[in-house]
Amino acid sequence: MSHESQLRETICLFGRSLFERGLTAGSSGNISVRLSDGGWLTTPTNSSLGFLDPARLSKLDGDGRLLSGDAPTKELPLHTALYATRKDAGAIVHLHSTHSVAVSMLPDVDPANALPPMTAYYVMRVGRTALVPYYRPGDAAVADAIRGLAGRYSAVLLANHGPVVAGKDLEAAVYSTEELEETAKLRLLLHGLNPRLLTRAQVRDLVTHFKLDEAIADESPDNSQECCSNPHHHSHKCG
């Protein structure tokens, strides 16, 4: 089996897994993988991630022109912009996962840090998530919003729409998207309860130990004062 054939099978395998676990419904969501020649494989427009056919995936050249397969997802601008600004990205996953969409609709979300550092694995797999304003699905203007982030984020939350996540390969992109969704679920469960978040020092420790992007620690909110001022946290070490 050629490398491209393996990638086609992998896209269908992960797509079906995401669909069957309720992370994206109906014909929502899309996946793309970068090929060694600079082109991509993407899921077709109006296709369900649960019922993809490897032979009908859209194959595009480096300029986004369709070479074979069905017509590509209308969300190509998302993928194009993220690939352009994240040169290390080998795959992108965009879902309409419920909890992530719900967080994108809250009025108190920080656009620079849409989800706080709640768990070690969120920091390790996602790092930080930006929130960009609402755009009509398929609107090419969303690409400008993503380019405006200048590649500082591998995960972007589209307001009232869903997450877009890049990874070094498809497995990494899927795992990061799943971690983002689980963190969004925690954010909603604990909303208004003043939860204990990871402090900047704890985030810095993760960045140093696992050799993560330094910007994750540099731009992490400092939660240490809030942690230690909460009477419910007196039994826990802050710092």
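Figured I'd write up the structure that's included with this text.

Cut-offs used in this document
- Residues numbered from 1 in each chain as written.
- Predicted model: local features only at pLDDT ≥ 70, side-chain atom pairs only at ≥ 80, totals over all residues.
- Heavy atoms only, no water.
- Patch = residues over 30% accessible without salt bridge, like charges linked within 9 Å, V, L, I, M, F, W, Y side chains within 5 Å.
- Areas by Shrake-Rupley, 256 points an atom, 1.4 Å probe, with all protein chains shown as cover.
- Salt bridge = Lys/Arg side-chain N within 4 Å of Asp/Glu carboxyl O.
- Buried < 20%, exposed > 50% of the residue type's maximum accessible area, 1.4 Å probe, protein only.
- Helix = DSSP H or I, 4+ residues; strand = E, 2+ residues; numbered from the N terminus.
- Expected span 1.5 Å × (residues − 1).
- Contact = heavy atoms within 4.5 Å.
- Phe/Tyr/Trp six-rings, centres within 6.5 Å; stacked < 30°, edge-to-face > 60°.
- Lys NZ or Arg CZ within 6 Å of the ring centre and 35° of its normal.
- Pairing = 2+ DSSP bridges.
- Axes fitted to C-alpha atoms, helices over the stretch in contact; angles between N-to-C directions.
- Core = buried A, V, L, I, M, F, W, Y, C linked by side-chain atoms within 4.5 Å.

1. Brief notes about a nonpolar patch on the surface
Then comes step 1: Taken together, the side chains of Leu186, Leu189, Leu190 and Leu193 make up a nonpolar region of the molecular surface, amounting to roughly 360 Å² of accessible area.
Then comes step 2: The class of Leu193 is exposed, set by a relative accessible area of 56%.

2. What about helix H1 (residues 3–20)?
Then comes step 1: Along its 18 residues, H1 runs 26 Å from first to last C-alpha, staying within 8% of the 26 Å computed at 1.5 Å per residue.
Then comes step 2: All buried positions along H1 are accounted for by Leu7, Arg8, Ile11, Cys12, Phe14, Gly15 and Leu18.
Then comes step 3: Here the buried face of H1 lies against strand S1 (30–34), strand S2 (40–42), strand S3 (58–60), strand S4 (66–68), strand S5 (91–94) and helix H6 (170–189).
Then comes step 4: Two residues or fewer past H1, Gly22 is found with a positive phi of approximately 75 degrees.

3. Side note on the packing of aromatic side chains
Then comes step 1: A complete count under the given rule lists two aromatic pairs for this structure.
Then comes step 2: On the basis of an interplanar angle of 70 degrees and a centroid distance of 5.6 Å, the ring pair of Phe19 and Phe51 is categorised as edge-to-face. Within this pair, whereas Phe19 is found in helix H1, its partner Phe51 is found in the loop between S2 and S3, the two being separated by 32 residues in sequence.
Then comes step 3: Taken together, a centroid distance of 5.4 Å and an interplanar angle of 35 degrees make the contact between Trp40 and Tyr83 tilted. One end of the pair, Trp40, is in strand S2; the other, Tyr83, is in helix H2 (residues 76–85), with 43 residues separating them in the sequence. The exposure classification of Trp40 matches that of Tyr83, with both residues buried.
Then comes step 4: The aromatic ring of Tyr153 is capped on one face by Arg128, whose charged end is 4.3 Å from the ring centroid.

4. A look at the sheet that holds S4
Then comes step 1: Taken together, the eight strands give an open sheet; going across it, the order is S4-S3-S2-S1-S5-S8-S7-S6, and neighbouring strands pair in mixed fashion. Two strands close off the open sheet at either side, each with one partner strand: S4 and strand S6 (129–132). In this sheet, neighbouring strand axes are inclined to one another by 25 degrees on average, regardless of whether the strands run parallel or antiparallel.
Then comes step 2: Summarising the sheet, S1 and S2 pair through three bridges and their orientation is antiparallel.

5. Notes on the nonpolar core
Then comes step 1: The biggest cluster of nonpolar side chains holds 21 residues, and the ones touching the most others in it are Leu78, Leu82, Ile92, Val132, Leu149, Leu158 and Val164.
Then comes step 2: Those elements giving two or more residues to this core turn out to be H2, S6, helix H5 (141–147), strand S7 (155–158) and strand S8 (162–167).
Then comes step 3: Top element by residues in this core is H2. It accounts for five residues.
Then comes step 4: In this structure, Ile92 is in contact with Asn30, Ile31, Ser32, His79, Leu82, Tyr83, Val164, Val165 and Ala166, ignoring residues within four places of it in sequence.
Then comes step 5: Counting residues in hydrophobic clusters, the runner-up holds 19 residues, among them Leu23, Leu41, Ala173 and Val174.

6. Some remarks on unusual backbone geometry
Then comes step 1: Of note, the phi angle at Asn160 is positive, near 55 degrees, even though the residue is not glycine.
Then comes step 2: Along the polypeptide, Asn160 turns up in the loop between S7 and S8.
Then comes step 3: You can call Asn160 partly exposed: its relative accessible area is 44%.
Then comes step 4: Located in the positive-phi region is Asn194, a residue other than glycine, with phi close to 55 degrees.
Then comes step 5: Residue placement: Asn194 occurs in the loop between H6 and helix H7 (200–210).

7. A word on the environment of Pro116
Then comes step 1: Considering the arrangement of structural elements, one finds Pro116 in the loop between helix H3 (98–104) and helix H4 (120–125).
Then comes step 2: Its relative accessible area of 16% is what places Pro116 among the buried residues.
Then comes step 3: Sequence spacing of Pro116 and Leu193 is 77 residues, and the spatial spacing of their C-alpha atoms is 14 Å.
Then comes step 4: Each residue touching Pro116, except ones within four places of it in the same chain, is listed here: Tyr122, Thr183, Arg187 and Leu197.

8. A short note on the pattern of salt bridges
Then comes step 1: Within the structure shown, the criterion is met by 15 salt bridges.
Then comes step 2: Arg147 is paired through a salt bridge with Asp144; the nearest N and O atoms lie 3.9 Å apart. Of the two residues, Arg147 and Asp144 are both situated in helix H5; the distance of three residues between them amounts to about one turn of the helix.
Then comes step 3: By relative accessible area, which is 38% here, Arg147 ends up partly exposed.
Then comes step 4: Look at Asp144 and you get exposed, because its relative accessible area is 54%.
Then comes step 5: Between Asp218 and Arg204 there is a salt bridge; the shortest N-O distance is 2.6 Å. Taken as a pair, Asp218 in helix H8 (residues 214–218) and Arg204 in helix H7 lie far apart in primary sequence, 14 residues in all.
Then comes step 6: Overlapping salt bridges bring together Glu4, Arg8 and Lys59 as one network.

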